[in-house]
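Observations on the three-dimensional arrangement
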Amino acid sequence: MREDICTIPINDVFLPRDGCPLCRMRDMLEERSTVYITGAAMMEPDVRIKTNEKGFCHRHFGMMLKCGTRLSNALILESHLDKLKTEMIPKTVKGKPDKKKIAAIRSVQKSCFVCEQVEWGMAHMYQTIFSSYVTDSEFRALYNDQQFICMEHYADLMTAAVNKGVPSKSLPDFYSDTSKLAGGYLEVLKDDITHFCSMFDYRSKGQDWGNSKDAIERSIEFLTSERIAKDEQQG
Ligand SMILES: [Zn+2]
Ligand SMILES: [Zn+2]
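Cut-off values and rules
Residues numbered from 1 in each chain as written. Chains lettered and ligands numbered in written order. Predicted model: local features only at pLDDT ≥ 70, side-chain atom pairs only at ≥ 80, totals over all residues. Heavy atoms only, no water. 1 Å grid on protein atoms, 1.4 Å probe; cavity = no way out; pocket = protein on both sides within 12 Å on 5 of 7 lines; lining within 4 Å. Points joined across faces, edges and corners; volume = space filled by probe spheres on them. Helix = DSSP H or I, 4+ residues; strand = E, 2+ residues; numbered from the N terminus. Nonpolar A, V, L, I, M, F, W, Y, C, P; charged D, E, K, R; others polar. Expected span 1.5 Å × (residues − 1). Bend = angle between axes of the 7 residues up to and from the residue. Buried < 20%, exposed > 50% of the residue type's maximum accessible area, 1.4 Å probe, protein only. Contact = heavy atoms within 4.5 Å. Donors = N, O, S within 2.8 Å, 3.2 Å for Na, K, Ca; no water. Tetrahedral: all angles 85-135°; square planar, octahedral: opposite > 155°, others 65-115°. Salt bridge = Lys/Arg side-chain N within 4 Å of Asp/Glu carboxyl O.

A few points about empty space enclosed by the protein
In this structure the tally under the stated criterion is one cavity of 30 Å³ or more. The computed volume of the largest cavity comes to approximately 30 Å³. Taken together, Ile37, Ala41, Met42, Val47, Arg48, Thr51 and Ile76 make up the full set of residues lining the largest cavity. Ranked by residues supplied to the lining of the largest cavity, first place goes to helix α4 (residues 45-54) with three residues. Its residues assigned to classes, the lining of the largest cavity shows five nonpolar, one polar and one charged.

Describing helix α11 (residues 171-198)
Over its 28 residues, α11 extends 40 Å from the first C-alpha to the last, a length consistent with the 40 Å expected when each residue adds 1.5 Å. The sharpest bend along α11 measures roughly 30 degrees and falls at Lys180. Among all positions of α11, only Leu171, Phe174, Asp177, Thr178, Leu181, Ala182, Tyr185, Leu189, Asp192 and Phe196 are buried. Residues of α11 that are buried make contact with α8 (113-135), α9 (137-144), α10 (151-163) and α12 (215-224).

Digging into the coordination of the zinc ion (ligand 2)
On the protein side, the zinc ion (ligand 2) has Cys57 (SG), His60 (ND1), Cys112 (SG) and Cys115 (SG) as donor atoms, found 2.0 to 2.3 Å from it. Each of the four donor atoms bound to the zinc ion (ligand 2) contributes to angles spanning 101 to 115 degrees, and the resulting shape is tetrahedral. Sequence spacing of the donor residues for the zinc ion (ligand 2), all on one chain, is C-x2-H-x51-C-x2-C. With Cys57 in the loop between α4 and α5 (58-67) and Cys112 in the loop between α7 (99-110) and α8, the pair connects residues that are 55 residues apart, well separated along the chain. With relative accessibility at 23%, the residue Cys57 sits in the partly exposed group. Look at Cys112 and you get buried, because its relative accessible area is 3%.

Focus: the pattern of salt bridges
Evaluated as defined, the whole model comprises 16 salt bridges. A salt bridge links Glu116 to Lys54, with the nearest nitrogen and oxygen atoms 3.5 Å apart. Of the two residues, Glu116 sits in helix α8 while Lys54 sits in helix α4, which places them 62 residues apart along the sequence. Judged by its relative accessible area of 28%, Glu116 falls in the partly exposed class. Take Lys54: its relative accessible area is 22%, and that puts it in the partly exposed class.

In structure tokens form, the structure reads like this:
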């Protein structure tokens, strides 16, 4: 199941050249996983056992509500709540609370079935990126042609490369190319924000905004790995 849902061809992720490719990958994984969990997985008792154990984070509950029916979400919740009720949160406690049960609650709160699927898919994608970067010069050109890599995925790529398959002779190139995609873009963002600010100076009257008009939204996307939705944008 995991392989089908969470394996996405590398070109689907890198060919659009629009924003951070790893953010796109995460979005695709989240979409596939939430559609699956509220759809086909309803017929798979093994999956329900796992979702009952792990639960979901707020972000992914929100996505499940958007893509699944009210009934499918209620059925997932019914068995999850039942597990919590019978195993972790009793109606009455005599004496002290059971430490094991409290620890179990803490672990449910930290876990999310969809987050785990996404993590698995991302780790798999990192490995594919590293091996393609080393062996496939066409992919390397495509990698370097990305618009940017966001802050979070820059840190991920820079730390994972060494353990996950970039041989030491290719590491300096990989680090340098990846830094260009994050640091080079950061420089552009900073200049655009500075230009944006300067346009509020009376001496800039009549000057061109250049690319600075959406510099705030682009900066937030780089910093948080999340696009600002159209209805959240200032007028
Ligand atoms: Zn990203
Ligand atoms: Zn989650």
